[in-house]
Each structure stands twice: as structure tokens, then as C-alpha cells.
4 protein chains.
Amino acid sequence: MQFRTDLAIEAREIAGENTGGVEFKRYSENGLEISRLIVKNQKARQALGKEIGTYITIELPSLTDNFTETDKRLETVGNEIKRLLPVNGLVLVAGLGNMEITPDSLGPKTSSRVLATRHISGEIARSTGLDRLRPVAVMQTGVTGQTGIETGEYILSIVRRIRPTAVVAIDALASRRPERLGCTLQISDTGISPGAGVGNHRTKITKETVGVPVIAIGVPTVVDAQTLAIDILGSDCNRKTQKMLMPQGRQLVVIPREIDLLTERASRLIAFALNGALQNEFDLPDLISLM
Amino acid sequence: MQFRTDLAIEAREIAGENTGGVEFKRYSENGLEISRLIVKNQKARQALGKEIGTYITIELPSLTDNFTETDKRLETVGNEIKRLLPVNGLVLVAGLGNMEITPDSLGPKTSSRVLATRHISGEIARSTGLDRLRPVAVMQTGVTGQTGIETGEYILSIVRRIRPTAVVAIDALASRRPERLGCTLQISDTGISPGAGVGNHRTKITKETVGVPVIAIGVPTVVDAQTLAIDILGSDCNRKTQKMLMPQGRQLVVIPREIDLLTERASRLIAFALNGALQNEFDLPDLISLM
Amino acid sequence: MQFRTDLAIEAREIAGENTGGVEFKRYSENGLEISRLIVKNQKARQALGKEIGTYITIELPSLTDNFTETDKRLETVGNEIKRLLPVNGLVLVAGLGNMEITPDSLGPKTSSRVLATRHISGEIARSTGLDRLRPVAVMQTGVTGQTGIETGEYILSIVRRIRPTAVVAIDALASRRPERLGCTLQISDTGISPGAGVGNHRTKITKETVGVPVIAIGVPTVVDAQTLAIDILGSDCNRKTQKMLMPQGRQLVVIPREIDLLTERASRLIAFALNGALQNEFDLPDLISLM
Amino acid sequence: MQFRTDLAIEAREIAGENTGGVEFKRYSENGLEISRLIVKNQKARQALGKEIGTYITIELPSLTDNFTETDKRLETVGNEIKRLLPVNGLVLVAGLGNMEITPDSLGPKTSSRVLATRHISGEIARSTGLDRLRPVAVMQTGVTGQTGIETGEYILSIVRRIRPTAVVAIDALASRRPERLGCTLQISDTGISPGAGVGNHRTKITKETVGVPVIAIGVPTVVDAQTLAIDILGSDCNRKTQKMLMPQGRQLVVIPREIDLLTERASRLIAFALNGALQNEFDLPDLISLM
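Here's a quick rundown of the structure. (Residues numbered from 1 in each chain as written. Chains lettered and ligands numbered in written order. Predicted model: local features only at pLDDT ≥ 70, side-chain atom pairs only at ≥ 80, totals over all residues. Heavy atoms only, no water.)

Residue and element names in this part refer to chain B. Its identity as a non-glycine residue notwithstanding, Arg163 has a phi of 50°, on the positive side. You can see Arg163 is positioned in the loop between helix H7 (151-162) and strand E6 (166-175). Given the relative accessible area of 57%, Arg163 is considered exposed. (Helix = DSSP H or I, 4+ residues; strand = E, 2+ residues; numbered from the N terminus. Buried < 20%, exposed > 50% of the residue type's maximum accessible area, 1.4 Å probe, protein only.)

Structural data, given as C-alpha cells:
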């Protein structure tokens, strides 16, 4: 019986605020509350169930407050991403998840808004100033059920070929708390283990396995139904209830009704901030006019 | 504190099997379990919270068992629909719901698979035998937030103009029980009250308001989170829990992870059965070759 | 043997610049070249094959120059639209065309970006200032082959119900000249005759038929293949060539390879300008944060 | 000044029927006209501008005649594909092209209908009989402008990783003749050179470069506008006309109005036939119930 959460700050809440080997700091910028959590050693890793590394968490305003392209807050988010990236060189951006399932569509929706530039080169690029664009490649991993190819394998194939200096992986997350859905952004440098939560053994994409930094960016869009039940019921969450929450062995998740707006806002936010972080030489309106 | 369910058979379970004024019968055909529930009078209507009329419920096999175009079971479903329709004349098929939200996309996905034929006429139709097609018009109501037009108003506008002999409205439903998601099909002749569950006062589309039979067809794709909590917790479902399940006033729903497959299967099933029910003169493969 | 064009300025080119009853003026604003053409009487109508009324044509920069939300040129386009609209009251925006065919998707793509506000009202709207939004309803007509309902009929049904003070219809156009594809915006107050070019008799949506102004907005996305052939071949365009250009009676159209970018840019441009024209009380970034 | 065609039979028409080194045979099966063209040597390769290898061309009925899942003709098409594939082992199916451009969407639309099975294995597969499924992986290459990764590079990355025994690449083709649009299916064993027609130097995917058979399957959906002009005008196709057909350097293509139906039919046909060819142990309705 376990909580399922992809957020490091929730893992810390569960493990206890005094867990050893965990560094935690809060600050705010441009009206956004930010926290920086560092899992420093194996002991902290075990206690939190989160890989060693840095986790940036940004609290977003409630859904009714949308972002425009000129929003100062995008710069703040962009700066947090930029800090984890190498200064220059090719970056591979990978959108994970399933376009056909709204709460799982954050990855593909976001990556389709990221400016791919790796193919822009040569004389024309030089004469138009486009050679100042940082090279970026963008991929969507699709879904194993539709491709027969595991997400990790898919990314690894491309990494081996195009040799980026960093990978940015975008995926929808699971949170423990409904109020965090769509209102929390997590950026980490700890890579990804696609499908890890499901208990399967799969290809990890981390600095260790691919040799370059792997930045993961996500926003929670679901709460696992069992996690929520345990949270509400505590020790009363008996076998029968758990079974009810897994009819015919199918996993249930909890989503807000306006999941389409939530996903859309998160996707715009990440794409705008990421484009800004990748393309220092251009400001956002210029980039958009290029897109 | 209330259960929310769109299924008449669940309303009967809650009200009690001996509720007066409710007729209930079970039978099976081509391997499908079917029940016919009739709400006969005002008293039964009050007890069940369901309009007076007939509700057919068909239990579908588990998700791993898909339907092909030649499946005998489609005929069974089609026959149940046909029984509620006038023998001939124009039928308006309306898909309700939001294409952008997977669990709410059943209506638009299904209606886009229904063969529109009202515009096929004249010499060519006669010479090719297509004049034997029953006239069918197909619309999607869109979502009020994107149209500024209420679902009921939208349908009514078209009904007033094209004067069908019957309306078929297709929409995703809410069930009380997770195990029914994707595995129950309800067909009723009681019309629709779009957004009724949300407590708003809206335009009803019923035989009374439009003057012709209004058949509603749906499959449950969500369980309301509060309904599920009440079901699990009973009288322990206190104010705090309820609030947790409505963060910032947002409504939560519970869906299975494979909501895309569930919606796809239900959409194919309804579209195939409905096309068969509407076009008696053709068998399904012929219809598909026309589509 | 006839030229097919939806652009009034091309009809004037063909009829000759000195055609009587045609007023024509050019000016420029914010770097955009604009022309105003007025068909003043029946004689001019016959000569040009264009309805009596005003046609604004705006020359857009080449495709590589995109528009951002803060582009001054959007204001210019918005002002031209605003001049044809009543000062206040409900406006119905209708997107015409087929989402599944890229060159025909301008209408639905654009209308899906227009802010629907008609349903926003009451206490909440007042307290948040949203009651200053002009009421707007948005519809997509779909395609007759998929709905069995003619485009004109569809719009008329909604008009009869919601009683707008003006209708704005957005549709992809046919141009005579390839170089105009994606680079010309036409705004007219002469209404629409969906499918008119195809020679069918259909429901017109004009001030005469619906009683309120009907503004048509469009950008050419195709050149009719026969029109182009006549243009190139002149009197040499014989029967055999014409037949080659209508294999098995199918009509051919000419599109540029990058039709997706062209349609996307035109859709953004029209939606931004139209939202600005409709919502005077808000500037565009504010509107976008509402969307 | 050159004809552009992706069809070997058209290249032969242009080069002349007596071109040396070209073997050509016609036959019919289940009502489909089939031709087998073999480019046997370098001389024939030069004369036709087509790689050495076998090209199967199947004439499809006119667009009004659709295919159902049980159509005998699917078997004929499937058999032609099967003959070019190794008897067993993993097959990689790649959909090429742009989902956002209707005439270029054949690849992604078709590949999304191909049953991916490579991930199905282990105990469950054995107990349900699914271990008799041939392993298939499915990918979509996306578009270089959106990914920064060349189509050939993308496929090669995956091939290097998953080591298939054959690659099947599906792409929309260009024909010389409008009447062939949507009505001709070409299957070849000569691999692909994505973007070759555009004159760029790109990664070829052929038996030579990847070490396993590369089957290309396609249906023409466009005619190049310049090719059509040359065809009509012959030696009269002067510089001015050619320029008119490339406004601002943009390439124009000719498509039929009903390009959506054409692409949809071709996609269903190829997907059904390919699924049948890959999965010998199952018949098509069984496969569909698995999908």
C-alpha cells in the first residue's frame, strides 16, 4: 500500500521535513513561489523514493489566471530551466505520453510547440541571422501500445544518432493532492524512468545512461485513485475498497473536469519558457514570429 | 450529499428493487445481457430521479473483447435502438460533448461515424439505388464554453429548421460504479437535459419540448469523485473529505487509464449499431463501403 | 469557360479597371497595403460577378513574416472589420469549411480561436469585469457531406434562434493567381453563398435573407486548376486539356506545398484581429489571458 | 525542365516501352489489374530514373468504390506485399509525411492503423495465443521542419536499435497524371530516398544502407504543377509560365477537391492489407478485434 507521486516536494512531505540528506529552500520571483529540493545521498534517495539530484518546484496561479507571451513569469520559469542546461550545443526535446488521452497529452502538446532548429543551417541561415539559433531537435515518443517501442528505447535511439549535449523530457505527472493538478511545475535534472510507477523494468534515460544531462519537466494532471483513497481513509483503506478502485485490474485516476484547459495552459507555459531558455539570442515575440 | 449517476439501473439499485412504478425485466440475445427498465409514473420518477419512460441497458463484454463490423451483437444493439425509432422519415443524430476531453468525446466521436444522407437525392441517388437510404442529418453541438450556445438551444435550432421525425442524442455518461465504465450501454426514450447534473437550468430536449421522439444513447466513461467517496465512506464522508475532492471548487472525476480505448470501442459500437438501425435496406459492410 | 475567383479585386482586373459602377481606392496603414472596392449598382455587379457592397482587400507580407499578438498590423485589420460591424450587440461568428482538408480548414481553425462570450453573464461576470465583454457566439458549420445539412441552412437555423446583430462568416477562398495564396485578406459586407462557385443553388446568407449585416472574411488558399490553365493557355485551352484537368469529373485545385503554414498564419491573423475588433474594452494580451 | 513522378510505370511511359533492361508484365487477380515492373540494370535505372528493383503497381477502382474489411481484394494486395517480406522476424513500419497537410498525411494515417505487437510477449501472450503474432514496431517520422531530424536519419536511428528483418515505409506519392490520384498503389523493394525529388542530398534507406529489405508502399495524392504544365504545354512551357507556377519560389501541387476521402480510402486499404500480410496466423476480423 503506497502513495504514488511524481513530485519530490510531496515525497518530502510524506517522508517528513527533517529527512536527512535533503536540502530544501524557498524563494519567490516575479510573483511565483519557487522551491529547490536537493536529494543529496543514497539515504535521502531511499527515504523519498526520488533519484539523487535537484528538483525545482514552481507554484502556478489558479487556472483562471492564464499566461500571455509577454508574461514576465515565463522568464522566471525559463531561467530555472536554463540553469540546468549546458550553455550551448544541440538539445533534444522529447514529448512523452499519449495525444489521445487528455491528461496524458502534455508531452506531445508541448513538444509540438517547441521550435526545432537543428536543420536550419548554411548560407540562408547566416544571411538572415538564423544561425544564432541554438540547434534543437524535437521528438515525440508515442505510446508503446501503438509503436511496440518502449519510450526509453525510442529516446535512446535518437540520442545515439544525433548526440545532443542535453535531453529535455516533458511528461504529465501524478500528484498526491488534487489541489496541485495544473498548479505545480516540476523541473529536475534526474532524468526519467518511463513507466517506472507501473513497476515494470524499463530503460532509464539519465545522465548515467546517456552521458549528458537529462532535464525532466512536468505538471501533475492526475491523482492516482488508490493514492487518494489511502490519503482519505488512512488505515481504513481495506482490501475491498482497493479492489473497488481497480475494477477488473484496471487502474483508475482522478482528473478535474476542465482537464483540457489545464493541459493547454501548462503546455503553453512550458513551451514558451523552454523556447526562451533555449534561444537566448531572441526574445519571445521574435521567436513566435519565427514559428 | 447525493449519488450522481446517469444510469437508470443504478438509480433503481439505490432506490431499492421494490420501488413502486418501476417495471424491470432481463433477457439475453446473441450473448449480450439486456435489461429493460420502465419508469411508469411520477412516484417512480421521484424515487429514481429519472424521467418517465423506457431505459434499455446492455452489458458489454470486458474491454479486451472488441467488436468487428460483422459482429452479430451489433444487430442486437441496433434492434433495441430501432424499436424506439419511427419506421421512416428524417432522423437527426446529435453528438454531445467535448472532443478535447477524452472521457467527454464519445458524442462527437460517434456522430462523426454516422452516415449523413439527407443531402443525397435526385436523379443520381435514384439511379444508384441510394434513394433507399433513410434521410439522416448529423450534428455536433460543441461545448458552450467554446460556442456561447447551450447544447439544448443548438439542437433545438436545427430541429426547428429541418423538422426530423426523431432525434438521437449521443453523450458520455457518469456511472456510480467503476466496473461499469465502458461496459454498459444505455438507450432511453426520455430525451436529454444537457448539464442537468450540474444543477443549472437548461433547455431540455424531450418529446414534450420538440414534438418528436428523442432517443438518448450513452456509455459511462467517468465516476464522479464525490459519488465514489460517498460509496466507499458512507456516513464517514465528512465535510473535509468532500472539500478535498473539490479543490478550489473544481469538480473531480474518476476515469480508467485506458480511457482512449474505452471511448474508441464504445464509439465504434454505437456508430455501427446506429447506422444499421437507421439503414434497414443495407447491411453493414455495404454501408461501410458507402462511408 | 470561365475564370473562378472569390476576390473582388481580381474580378475587377478581369472586367477591366474602367468598369462603370465600381469605386476603387488604395491606401496604406501600419505598413499594410489596403484597397477598398465598392460594387455600386447592378451593372457593376454583372460585370464583376460580385454582389453589390464593399470589399476590403489587405495585402499581407510574404509567408516568412509572421504575426505576433502585439503586432500593430493586427489593429489595422481589426479596424477594417470593426467599421463593418454594428457598435454593439450579439455577434455570431461562423467558421465554414472542412477541418480534414488543409486548404479548406481556414474557417473552422479560425473560429475555434474566437472568444465565445455569450454565455458569460450574471453576478460573477459583473464582479470580475467580464460583463464588459461583447456577447459573441461561435459555430462551425461542418461539411454537408458529413452533416446532411447545407452550410447556409445551418447558419440560418442558429441566426433564427439567437438573433444576432451581425454575422461574421470565415471561409477559405479561391484566387486566380498563385502568388496571392495566403497573402491577401478580403473582408466584405456582401454575405455569403456557400458553394455558389460550384454552380449549385443554395441558401444565401446576406443582409437581405437574415435581416442583419453579414461580414465575410477570407484568405485564398487554392487556385482552381482550370482557371490557372485558362490563364496560362488563353484561347489554346482546348477541350482535351480541360478534360485532363477534370479526371473522372473530379475538380482539381492548385495549392502551395506549405499549405499548413499558410493556413495557420491566416487563421491566427484573422482570429487575433477579429477578437480585437469584437472586444474593444480589452487589449489583445488581456483577451488571450482570458482564452 | 523535367517530369516529376514517383511511379515507375509512368517513368517507363516517358522513357518508352521498349527501354532496355526493363521487364514488364501485367496480370489481374480478384478484379484488380496488377503490373510488375523490374528495373534490371544500371542502364534501365538511368533511363527511368528509378532504382534497380521490383515495382508492383495495382490499379484501384474509382473513388466511389470503397473497401470493407472483408473485401477479397485486400488479400490480393496483401499477397503482393507478403512476397517482398522475409517469412518471419521483426518488421518496422514507418509512416512518412505530414499529418497537418491532407495530401501528405497518407504515411502517418496508415501507420497509426498498423498493429504494433513487438511489446506483446511473455506469459500472457502465450496463454492467450497472442504469441503467434509476428513482432511489428510502428513509427512516424514526423516532418523535418518540426523535428530538426531528417526522415532518413530518424528511421535509421530506430533500425540500428531494434534490428528489424525488414522495413516497410509508407508515403504519399506524386503522379504525372491527375487520373491516377488515389487510384494507383505502388509497392517496391527499392527503399526510399526521402525528399529526393526536391533535389536535396539526404539519407537513403535501402537494403544497401540498412542491410535488410526496405519495402516502399504509396499512393499518388498530388501532381506537381510544373509537371502538369509541361505535360499540357509541351515545348510551349516557357520561362514565364514556369515562374508563374512557382510564385516567390514556392512549389505548387495539384490535388483533387475530395483529397480527404482519397487519403482516407488509401490509408484504410494499405493498413488492412499490410496487417493481413504481416499477421498470417490471424484473419482480418480477428486482427481488428485485437486493435
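Read on, since the account is not over.
With that settled, consider the interface of chain C and chain D. Taken together, the contact pairs 35 residues of chain C with 35 residues of chain D. Summing both partners gives a buried area of about 3,100 Å² for chain C against chain D, and 61% of it is carried by carbon and sulfur. Ranking the residues of chain C by area buried against chain D places C:Met244, C:Arg250 and C:Arg257 at the top, with a combined share of 23%. Summed over the shared surface of chain C and chain D, the number is two salt bridges. As a salt-bridge pair, D:Glu258 and C:Arg250 come within 3.8 Å of each other at their nearest N and O atoms. Scanning the region where chain C abuts chain D turns up eleven residue pairs in polar contact (both at pLDDT 80 or more). Contributions of two or more residues to the side of chain C that touches chain D are made by helix H9 (225-233), helix H10 (239-244), strand E9 (252-256) and helix H11 (259-278) of chain C. Here the element with the most residues in the side of chain C that touches chain D is E9(C); it accounts for five residues. Partitioned by chemical class, the residues of the side of chain C that touches chain D number 19 nonpolar, seven polar and nine charged. (Contact = heavy atoms within 4.5 Å. Buried area = accessible area lost by both parts, 1.4 Å probe. Salt bridge = Lys/Arg side-chain N within 4 Å of Asp/Glu carboxyl O. Polar contact = N/O pair within 3.5 Å; in protein donor to acceptor, adjacent residues only side chain to side chain. Nonpolar A, V, L, I, M, F, W, Y, C, P; charged D, E, K, R; others polar.)

On to H7(B). Residue and element names in this part refer to chain B. Here H7 contains twelve residues, and its C-alpha end-to-end distance of 17 Å stays within 8% of the 16 Å for a straight helix at 1.5 Å per residue. The element H7 is largely enclosed, with a buried count of ten among its twelve residues. All of the buried residues along H7 are Thr151, Gly152, Glu153, Tyr154, Ile155, Leu156, Ser157, Ile158, Val159 and Ile162. At the C-terminal side of H7, Arg163 shows a positive phi close to 50°. (Expected span 1.5 Å × (residues − 1).)

For the rest of this paragraph, the subject is the relation of the copies chain C and chain D. Least-squares fitting of chain C to chain D yields an RMSD of 0.0 Å, with the superposition described by an axial translation of 0.0 Å and a rotation of 180°. Taken together, the rotation and translation describe the operation of a two-fold axis. Taking the C-alpha atom as reference, chain C places C:Val254 closest to the rotation axis, 2.2 Å from it. (Least-squares fit on C-alpha atoms with pLDDT ≥ 70 in both.)

A separate point is the packing of aromatic side chains. What the rule picks out here adds up to zero aromatic pairs over all chains. Just above the ring of A:Phe282 sits the side chain of A:Arg132; from NZ or CZ to the centre is 4.8 Å. (Phe/Tyr/Trp six-rings, centres within 6.5 Å; stacked < 30°, edge-to-face > 60°. Lys NZ or Arg CZ within 6 Å of the ring centre and 35° of its normal.)

On to the interface of chain A and chain B, then. Each side of the interface is counted separately: chain A has 35 residues, and chain B has 35 residues. Summing the contributions of chain A and of chain B, the shared interface buries around 3,100 Å²; its carbon and sulfur component is 61%. On the chain A side of the interface with chain B, the three residues burying the most area are A:Met244, A:Arg250 and A:Arg257, jointly 23% of the side's total. At the surface where chain A touches chain B, the tally comes to two salt bridges. Among the elements of the structure, helix H9 (225-233), helix H10 (239-244), strand E9 (252-256) and helix H11 (259-278) of chain A are those that each provide at least two residues to the side of chain A that touches chain B. Among the elements that make up the side of chain A that touches chain B, the one with the highest residue count is E9(A) (five residues). Among the residues forming the side of chain A that touches chain B, the class breakdown is 19 nonpolar, seven polar and nine charged. In this sheet, strand E9 (residues 252-256) of chain B lies alongside E9(A) in antiparallel orientation, the contact comprising five bridges. Across the sheet, the residue bridging to A:Leu252 is B:Pro256, located in E9(B). (Pairing = 2+ DSSP bridges.)

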